[in-house]
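Coordinate analysis (summary)
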Amino acid sequence: MKELITGGLPTPPQPFSWAIRSSGLLFVTHGPVQADGTILQASIEEQTELTLNNFIATLDDVGADLSAMVQMTVFLIDGAHMSRVDTVYGRYFTAPYPNRASLIVAGLVAPGMMIEIQGIADLS
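Conventions and cut-offs
- Residues numbered from 1 in each chain as written.
- Predicted model: local features only at pLDDT ≥ 70, side-chain atom pairs only at ≥ 80, totals over all residues.
- Heavy atoms only, no water.
- Helix = DSSP H or I, 4+ residues; strand = E, 2+ residues; numbered from the N terminus.
- Rg over C-alpha atoms; globule rule 2.2 N^0.38 Å.
- Contact = heavy atoms within 4.5 Å.
- Areas by Shrake-Rupley, 256 points an atom, 1.4 Å probe, with all protein chains shown as cover.
- Lys, Arg positive; Asp, Glu negative; His and termini not counted.
- Charge placed at Lys NZ, Arg CZ, Asp CG, Glu CD.
- 1 Å grid on protein atoms, 1.4 Å probe; cavity = no way out; pocket = protein on both sides within 12 Å on 5 of 7 lines; lining within 4 Å.
- Points joined across faces, edges and corners; volume = space filled by probe spheres on them.
- Nonpolar A, V, L, I, M, F, W, Y, C, P; charged D, E, K, R; others polar.
- Pairing = 2+ DSSP bridges.
- Axes fitted to C-alpha atoms, helices over the stretch in contact; angles between N-to-C directions.
- Salt bridge = Lys/Arg side-chain N within 4 Å of Asp/Glu carboxyl O.
- Buried < 20%, exposed > 50% of the residue type's maximum accessible area, 1.4 Å probe, protein only.

Assigned secondary structure in the chain consists of 2 helices and 6 strands. Along its sequence from the N terminus, the chain presents helices and strands in the succession β-β-β-α-β-α-β-β. Since a compact globule built from 124 residues should have a radius of gyration of about 14 Å, the 14 Å found for the chain is in line with a globular shape. Across its three principal directions, the C-alpha atoms of the chain cover 40 × 35 × 20 Å. For the chain, restricting intrachain contacts to residue pairs at least 6 apart in sequence, the fraction spanning at least 24 positions comes to 70%. With an accessible surface of roughly 6,500 Å², the chain has 55% of that area assigned to carbon and sulfur atoms. Between the mean site of the 5 positive side-chain charges and the mean site of the 12 negative ones, the chain shows a separation of 4 Å.

What follows is the structure in structure tokens.
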């Protein structure tokens, strides 16, 4: 059985969920989405912070924190942003870090969006 988790974000205009809890796991995808549903038009550092803060809000909804994250996939539109993302990411996570892949993609769905992160948390 799956349970919708919103992290306080509005219902997306497309047919997807911000997060789903099922079988002791939390499946999450976030980008720099603001509380009103718009994309933050700002630096890659600010977009990364908001994206990770959205993860925190979602995890808080299920009584967990970032230490529950076991796997992350970072999607960026510019490989030159990786070191700046790592700087922000390093302020949010401590060792042992989640397993992580980072991909450079041709684009993301919303104009101005430079980052999207998908992750899985172990809630057991």
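Unoccupied space between atoms shows up once a probe the size of one water molecule is rolled over them. What the largest pocket holds in volume is close to 280 Å³. Around the largest pocket, the lining comprises 18 residues; the ones closest to its centre are Gln14, Phe16, Trp18, Val33 and Ile39. Considered class by class, the residues forming the lining of the largest pocket number 10 nonpolar, 7 polar and 1 charged.

Our focus in this paragraph is the sheet that holds strand β2 (residues 19–22). The mixed open sheet is built from 6 strands, whose spatial order is β1-β2-β3-β6-β4-β5. Strands with a single pairing partner mark the edges of an open sheet, and in this sheet they are β1 (3–5) and β5 (99–104). Sheet twist, expressed as the mean angle between neighbouring strand axes with direction ignored, is 15 degrees. For β2 and strand β3 (residues 25–30), the ladder comprises 4 bridges, and the chain directions are antiparallel. The residue bridging Ser22 from the neighbouring strand is Leu25, located in β3. Against the sheet, helix α1 (residues 44–61) makes contact with β1, β2, β3, β4 (69–76) and β6 (115–122), and its axis sits at roughly 25 degrees relative to β6, the strand it touches most. The sheet strands contacting helix α2 (residues 82–92) are β4, β5 and β6, and the helix crosses β5 at an angle near 150 degrees.

The next point concerns the pattern of salt bridges. Tallying each qualifying case throughout the model produces 4 salt bridges. Residue Glu49 is joined to Arg91 by a salt bridge in which the shortest nitrogen-to-oxygen separation is 2.7 Å. Taken together, the positions of Glu49 in helix α1 and Arg91 in helix α2 put the pair 42 residues apart, joining distant regions of the chain. Judged by relative accessible area, Glu49 falls into the partly exposed class, the value being 27%. Its salt-bridge partner being Arg100, residue Asp86 comes within 2.7 Å of it at the nearest N-O pair. Taken together, the residues Asp86 in helix α2 and Arg100 in strand β5 connect sequence positions 14 residues apart.

All right, on to the pairing of β4 then. In terms of burial, β4 is a largely internal element, 6 of the 8 residues being buried. The pairing of β4 with β6 spans 7 bridges and is antiparallel. Its bridge partner lying in β6, Met69 is registered against Ala121. Two elements, β4 and β5, share 6 bridges in a ladder whose sense is parallel. In the strand pairing of β5, Leu76 is matched with Ile104.

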